[in-house]
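Chain residues, written in single-letter form:
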Amino acid sequence: MELLLICLSLWILQCNSARADSIIHIGAIFEENAVRDEEIFQLAISDLSLNDDILQSEKITHSVKLIEPNNPFQAVQEACELMNQGILALVTSTGCAAASALQSLTDAMHIPHLFIQRNGDGSPRTACQLNPSPDGESYTLAARPPVRINDVLLTLVSELHWQKFIIFYESDYDIRGLQTFMDQSSRLGLDVSLQRVDRNVSRVFTDLFNTMRTEELNRYRDTLRRAVLLMSPRGAQVFIHQAVETNLASKDSHWVYANEEVSDPDIMELVHSSLGRMTIIRQIFPLWRDTNVRCMRNNHRISSLLCDPQEGYLQSLEVSNLYLYDSVLMLANAFYRKLEDRKWHSMASLNCIRKSTKPWNGGWSMLDTIQKGRISGLTGQMDFRAEGSNSHVQFEILGTSYSETFGKDVKRLASWDSTRGLNGSLKENRIESGMQGVTLKIVTLLEEPFVMVAENILGQPKRYKGFSIDVLDALAKLLGFKYDVYQVGDGKYGSALPNGSWNGMIGDLIGKRADLAISAITITPERESVVDFSKRYLDYSVGILMRKSEEKLNIFSLLAPFDLAVWACIAAAIPVVGIMIFLLRRIQAVRCQNSAGGHPPPSVSTSLQSAIWIVYGAFVQQGTDSILGSVALRIVMGSWWLFTLIVCSSYTANLAAYLTVSRMDNAVRSFQDLSKQVDMAYGTVRDSAVYEYFRAKGTNPLEQDNTFAELWKTVNKNNGFENSVINPSEGIKKAKRESYAFLWDMAVVEYAALTDDDCTLTVAGNSMSTRGYGMALQHGSPYRDLFSQKILELQEKGDLDILKQKWWPKKGRCDLQSYTDAQPEGRALRLHSFAGVFCILAAGLLLALLVAALETWWNSNHCRREQPKEVTNDSSAGQGPGLSLLTQNRAMVATMGPPAPPRPRSRPRPPGPPVLPRDATATLYFMDPAGADTSPDLVELQYTQL
C-alpha cells in the first residue's frame, strides 16, 4: 500500500512537471545516499497539487538533481544547470561542505536557497560554518534549526549539580561543535574531560587496562560515574555494554546520551544494556492527539503516511526529511502571498559561467516574502525571522532511576525549548511510600464547587473548602504532607501565549512558583506537554446552563392550529352554504305546493334561519333532521360534509401536534439543538479549555457534522467579546438573568443549577466523558506517581463517590432529576390547554341566558299591549275556512300570553275546534289569502291549553 501511494504520487508529479505553461518551478539537490529525501520532496509537491486552496489554479513543477555525498563541486554544477532552466527557489539537503559552496552561488545569483543539514551516519550533528555574504545579503535560509544540544547539556549538568564529568565522542564527531560548551563550562568552574572513542570500542577498554594501573583505573571508574556520550546509537550501546562488562560501570553510574535523532527502539536497547541511571536527550515534534486535526495544517492536508504514526512510515524517516517537507510548504506559502499581492516576478534563465550574467531581479523580493512567512508543519512552527534561520526547536529529556537491574522503565522527566528553556525536574525520585515532613506550595483558582473560600478572617490565612480541597485533604492524610494554598494572580487556568509562554496556574508550575495546581483544571494534550498530571479524579464533559423554559398560558390555544384567515373563511362559508340551501329549499317548496294542490308538505321548512342551523349542525358533526328531496340539495350537502370532514381532520391533527410541542420543557437538549435555534445566544469563557475545544472542533475541515462549526461561529462572534464572558461566574449570572446558554464544565454548571436560590436554571448536554479533572504538577515531579496511586485507591474504596455525593447530591435545593425526567410524552395535558374550550362553553351559556331573559321581557310587554278579542258564531260563520282558521289561531295565540283580566260572559261560545289536552302541542299554519306570496310559511308553535 505504501509503495502504491508513492508510485501514484510520482505519476501525478510527472504529469504536473510536463506542464510547460507553469509559472512556478523550483529546483532540488539531494545526496545519493539519502533514500528518503526525494520521496518526501515528491510527496510534498503531490500534497500541494491536491490542495487547491493554497495555490488555487497554479501547480508547482520541479527538477531534482542527485549528487555524491558532500561533493561541493558537483553540487555547484547541478545548481548551475537548474538555474539555467529557470527556478524560483532552490531546496537542498546536503552536508556542510556542499551547503557552503551552494551558499556562495545562490548569494551571487540572488536565488532563495532553503538548506536542510543532514547527518547520515547517526552521529550527533554539529553546526555548519557557512561563509558570510560579501554584501551582507544572505540568500541561504537554514530550515533546520541551529544545533542547540550544547545548551540542553549545559542546563542538564547544572540542574544535576555535576561538578566533574567526562564527555566521550566518536571519531566522526566534529569537536569544534563543543567549543562553546567548553567555554561556558569553564566559566562555571566545571571540571570537564574529553575523550575520543574509536570505532573499535572494545580496543579502547583493552588499552585502558593495559596502560593504567589499579589506582588510575579506580580514579577513571570514579570519573566514569558521570559520563556524557556524543555517539551514534549503535556506538553508545556498544560502549556502555563494554563498560559494564569490564566492571567500570556500577549501579550508581549516570549516563547521559545526547543525540537529536534517536528512535524508541534505540532508546530501549540503551536502557536495557546500561547499569545505573540513564538520561537521554532527543529532539521532538508536536503531535496532535486528535486524529481529526492531526493531518491538517490550516487549509493544507498532509498525507496520512507522514502525519499518522499508525501508518509506520513516519518512524522510518529522519529529522531532515521532516524539515524538507516543511520547506516545500514554506515556499508554497510564499508563492501564494506573491500571487495574492500581484507582485510576481517571472523566472529568468541564469548562466553561472558567464561573468556578464546579472543576478535575478526578483530574488530579493522573493527572499523577503519567504522570511516574513510562517507555517505550521510536521516539525511545528517554522519561520526565518531569527537571522535567516528557523529557531523553533524542542527537546525532551527521558530518564530512568538508579537501579541494579537492566529492565528499567523510561519516563519523560522534562522538556527544553528555545523559548522557555528547561521545564521539569531532573532530580532523582527516591520517594516510595510517604511524604512525611514535606510542605507543598499549591496554587488554586476559585471555582464552585471545586475550590471556595471557607473563612476569610483579616490577618489570618484564608481557609478553603470544596470538592478538590476534600480530595487534597484525603491525599494529605494518606501521604502525610502539609500544604499552603494561594490563589493565582491572573485568575486563569493556563493557556499558551503567542510568545510560547503560559499564563495562569500552568505558568506558575512552569516557573516553579508552585509545586501543585488544583481546581477545576482539565487534562488536555497541550497542558500535558508542559506539566505532569495525576490520574483523573473526576470525569469531565461540557454542559449547557440555561434558564428553565416558562410555559406560555394561551387560553385560546385551540384556535392555534388554523391561521386567522382560515378561521375567517370557515366562518364565511357557513352562511354562504346556508343561503344556498335556503334558496334551493324555497324552490323545492314551490314545486311541492304545485304538485300537492296548494298544500305544502307538513315537515318541510324553508326559512333562512333553519338552513343556517342545518349547515352549522353538519359542521360540528351533530347531524340534521332535514329531508333532502332534490338532487341539488344533496350535492350541496354532500360537498359540505366532505369539506367538514377534511377541515375537522386537519384541525384534529394540527391541534394534537401543537399541544405536543407546547408541552416540551425546553427545545434545547443537545449541542445540535443549540446550533439550530436562533432565539437564544450562547457562549463560554474566552481563552479557556472549553473555548479552545470549540475552536478545534469548529475549525476542523474534516468534521462531517457542521454543528460545531455553527457553535464556534456564535461563540467566537466579534472575537468572543459579544457572546463569551471573562469568567465562569459572569456566565452563570448571565444565563440566569437573560435568554442565554452558558457552555462550561458539566460539574460546575450542575452545581450552579442545584444551588440556585430560585431554582430557575437547568442543565443540558452530553454526559459522556472523554477527559477528566486532575492535579497538575511540575514536569518531572517526584510526587506524580504517588498522587496517582492514592487517587486510584480512593476510587477503589468508593471515597471519591462519597465526596461527589456531598457536593453534587441527587436531590439538593433544586431537583434537576425530576425536571429532566418529565418527558413530554409522559405528561398529561394541563387545564390551561383547554381553558379556551370552557370559555366558549361559558360564553354560550351566558348568551343563552341573556337571550332567554330578553325573550321573556319582550313577550311580556307585547302581550300586555295587545287586547284580547272575542270570537262569535256570526262572525266566524260568514268567513271562509282559511280566515276562520286564522281567527281561531289568533285567539289561541292570545291565550298563550300572561293571564288576561276576566272577561264578561255574553253569549254561549259556538262550537269551535276540539278541546286539546293540557300540555299538548299543535302545529299551526298561517296563510294570508290577500297576500302576494301564495306559498305557506311553516311556523312551529308550542301551545298549551290553559
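These numbers were taken from a predicted model, which means no experiment stands behind them. (Residues numbered from 1 in each chain as written. Predicted model: local features only at pLDDT ≥ 70, side-chain atom pairs only at ≥ 80, totals over all residues. Heavy atoms only, no water.)

Engineer: Tell me about the overall build of the chain, and please be specific about residues and values.
Structural biologist: In terms of helices and strands, the chain carries 31 helices and 32 strands. The 946 residues of the chain split such that 45% are buried. Long-range contacts, defined here as pairs at least 24 residues apart, represent 74% of the contacts in the chain between residues at least 6 apart. A total of about 49500 Å² of accessible surface is found on the chain, and carbon and sulfur atoms cover 54% of it. (Helix = DSSP H or I, 4+ residues; strand = E, 2+ residues; numbered from the N terminus. Buried < 20%, exposed > 50% of the residue type's maximum accessible area, 1.4 Å probe, protein only. Contact = heavy atoms within 4.5 Å. Areas by Shrake-Rupley, 256 points an atom, 1.4 Å probe, with all protein chains shown as cover.)

Engineer: Could you give an account of empty space enclosed by the protein, with specific residues and numbers?
Structural biologist: To find the voids left in a structure, one rolls a probe of water-molecule size over its atoms. Inspection of the entire model under this criterion finds four cavities of 30 Å³ or more. Roughly 60 Å³ of volume is contained in the largest cavity. Its residues assigned to classes, the lining of the largest cavity comprises seven nonpolar, one polar and two charged. (1 Å grid on protein atoms, 1.4 Å probe; cavity = no way out; pocket = protein on both sides within 12 Å on 5 of 7 lines; lining within 4 Å. Points joined across faces, edges and corners; volume = space filled by probe spheres on them. Nonpolar A, V, L, I, M, F, W, Y, C, P; charged D, E, K, R; others polar.)

Engineer: Outline the nonpolar core, listing residues and values.
Structural biologist: Judged by nonpolar contacts, the single largest core of 85 residues is most densely connected at F450, Y537 and F787. Every residue in contact with F787, bar those within four places of it in the chain, is listed here: M435, L440, L475, L479, F481, L516, S534 and M775. Listed in part, the 59 residues of the second largest apolar core include I24, I45, A98 and M382. (Core = buried A, V, L, I, M, F, W, Y, C linked by side-chain atoms within 4.5 Å.)

Engineer: Could you give an account of the side chain of D532, naming the residues involved and the relevant values?
Structural biologist: Considering the arrangement of structural elements, one finds D532 in strand 23 (residues 532-533). At a separation of 3.2 Å, a polar atom in the side chain of D532 contacts the side chain of H779. Once you skip the residues sitting within four places of it in the chain, D532 turns out to touch M775, A776, L777, Q778, H779, G780, S781 and R784. (Polar contact = N/O pair within 3.5 Å; in protein donor to acceptor, adjacent residues only side chain to side chain.)

Engineer: Explain the pattern of salt bridges to me, using residue names and the numbers behind them.
Structural biologist: For the coordinates displayed, the defined rule picks out 27 salt bridges. A salt bridge links D264 to R282; its shortest N-O distance comes to 2.8 Å. Of this pair, D264 sits in helix 11 (residues 264-273) while R282 is found in strand 10 (residues 277-283), placing the two residues 18 residues apart along the sequence. Overall, the relative accessible area of 46% leaves D264 in the partly exposed class. Residue E722 is joined to K717 by a salt bridge in which the shortest nitrogen-to-oxygen separation is 3.6 Å. What you see here is one network of salt bridges that share partners, running through E31, D37, R118 and E318. (Salt bridge = Lys/Arg side-chain N within 4 Å of Asp/Glu carboxyl O.)

Engineer: If you had to explain the pairing of strand 16 (residues 411-417) to someone new, which residues and values would you point to?
Structural biologist: Of all seven residues making up strand 16, five are buried, and the element is well covered by its neighbours. In this sheet, strand 16 lies alongside strand 15 (residues 394-399) in antiparallel orientation, the contact comprising six bridges. Along strand 16, the bridge assignment pairs Q394 with D417. Here strand 16 hands over to strand 17 (residues 421-424) after three residues, the two strands then running antiparallel side by side. (Pairing = 2+ DSSP bridges.)

Engineer: Provide a residue-level description of unusual backbone geometry, including the pertinent values.
Structural biologist: Negative phi characterises most residues that are not glycine, and trans characterises most peptide bonds. In this chain, E448 is followed by P449 through a cis amide linkage whose omega measures -5 degrees. Within the element layout of this structure, P449 appears in the loop between strand 18 (439-444) and strand 19 (452-455). Notably, N70 is not glycine yet its phi reads approximately 55 degrees, a positive angle.

Engineer: Go over the sheet that holds strand 16 with me, naming the residues and quoting the values.
Structural biologist: The strand order across the open sheet built from eight strands is 7-6-8-9-10-15-16-17, with neighbouring strands paired in mixed fashion. Strands with a single pairing partner mark the edges of an open sheet, and in this sheet they are strand 7 (191-197) and strand 17. Strand-to-strand, the axes of this sheet are offset by a mean angle of 20 degrees, without reference to chain direction. Where strand 6 (residues 164-170) meets strand 7, seven bridges bridge the pair, whose relative direction is parallel. Paired with I166 across the two strands is S193, which belongs to strand 7. (Axes fitted to C-alpha atoms, helices over the stretch in contact; angles between N-to-C directions.)

Engineer: Please give an account of the sheet that holds strand 21 (residues 482-487) that cites residues and values.
Structural biologist: Sheet architecture is open: five strands sit in the order 21-18-22-30-23, paired in mixed fashion. The open sheet has two edge strands, strand 21 and strand 23, and neither has a second partner. Where helix 15 (residues 467-479) meets the sheet, it contacts strand 18, strand 21 and strand 22 (516-518), and its direction lies at approximately 160 degrees from that of strand 21.

Engineer: Give a description of the packing of helix 15 against helix 26 (residues 784-797) that names residues and reports values.
Structural biologist: In contact at an axis separation of 10 Å, helix 15 and helix 26 are set at 110 degrees when each is read in the N-to-C sense. Taken together, the axis directions place helix 15 and helix 26 in an arrangement best described as roughly perpendicular. Facing A474, L475, L478 and L479 of helix 15, the residues of helix 26 in contact are L786, F787, K790, I791 and L794. In the contact of helix 15 with helix 26, the residues fall into eight nonpolar, no polar and one charged. (Parallel < 35°, antiparallel > 145°, perpendicular 65-115°, else oblique.)

Engineer: Please provide a residue-by-residue account of the state of the cysteines, values included.
Structural biologist: For the coordinates displayed, the defined rule picks out one disulfide. Each sulfur of the disulfide joining C96 and C128 lies 1.8 Å from the other. Judged by the sign of its S-S torsion, about -75 degrees, the cystine formed by C96 and C128 is left-handed. One end of the pair, C96, is in helix 5 (residues 96-109); the other, C128, is in the loop between strand 4 (113-117) and strand 5 (140-142), with 32 residues separating them in the sequence. Classification of C128 as buried rests on a relative accessible area of 18%. (Disulfide = S-S within 2.5 Å.)

Engineer: Please give an account of the packing of helix 10 (residues 233-245) against helix 11 that cites residues and values.
Structural biologist: Contact geometry of helix 10 with helix 11 gives a least axis separation of 9 Å together with a crossing angle of 10 degrees. Judged by the inter-axis angle, helix 10 sits roughly parallel to helix 11. Across the interface between the two elements, P233, A236, Q237, I240 and V244 of helix 10 pack against D266, E269, L270 and S273 of helix 11. When its residues are assigned to classes, the contact of helix 10 with helix 11 shows five nonpolar, two polar and two charged.

Engineer: If you had to explain the packing of aromatic side chains to someone new, which residues and values would you point to?
Structural biologist: Applying the stated criterion to the full structure yields 26 aromatic pairs. The interplanar angle of 55 degrees and the centroid separation of 6.1 Å between the aromatic rings of F671 and F708 together place this pair among those described as tilted. Of this pair, F671 sits in helix 21 (residues 671-676) while F708 sits in helix 23 (residues 707-715), and the two are 37 residues apart along the sequence. Across the pair, F708 and F671 agree in class, each one buried. Three or more aromatic residues joined by ring pairs make a cluster, and in this case those are F450, F467, Y537, Y540, Y773 and W808. The ring of F708 carries K697 above its face, with NZ or CZ at 5.2 Å from the centroid. Above the face of the Y740 ring, K734 is positioned so that its terminal group lies 4.5 Å from the ring centre. (Phe/Tyr/Trp six-rings, centres within 6.5 Å; stacked < 30°, edge-to-face > 60°. Lys NZ or Arg CZ within 6 Å of the ring centre and 35° of its normal.)

Engineer: Any chance you could break down the environment of K372 for me, citing the residues and the numbers?
Structural biologist: Inspection of the secondary structure puts K372 in the loop between helix 14 (363-371) and strand 13 (375-377). Overall, K372 belongs to the exposed group, its relative accessible area being 55%. Each C-alpha atom, one on K372 and one on D383, is 7.4 Å from the other, the two residues being 11 residues apart in sequence. Sequence-distant contacts of K372, that is, excluding residues within four places in its chain, are made with R337 and R385.

Engineer: Now, about a nonpolar patch on the surface: what can you tell me, with residues and values included?
Structural biologist: On the surface, a nonpolar cluster with roughly 370 Å² of combined accessible area is contributed by L847, L850, V851 and L854. Topologically, L854 is positioned in helix 29 (residues 835-865). (Patch = residues over 30% accessible without salt bridge, like charges linked within 9 Å, V, L, I, M, F, W, Y side chains within 5 Å.)

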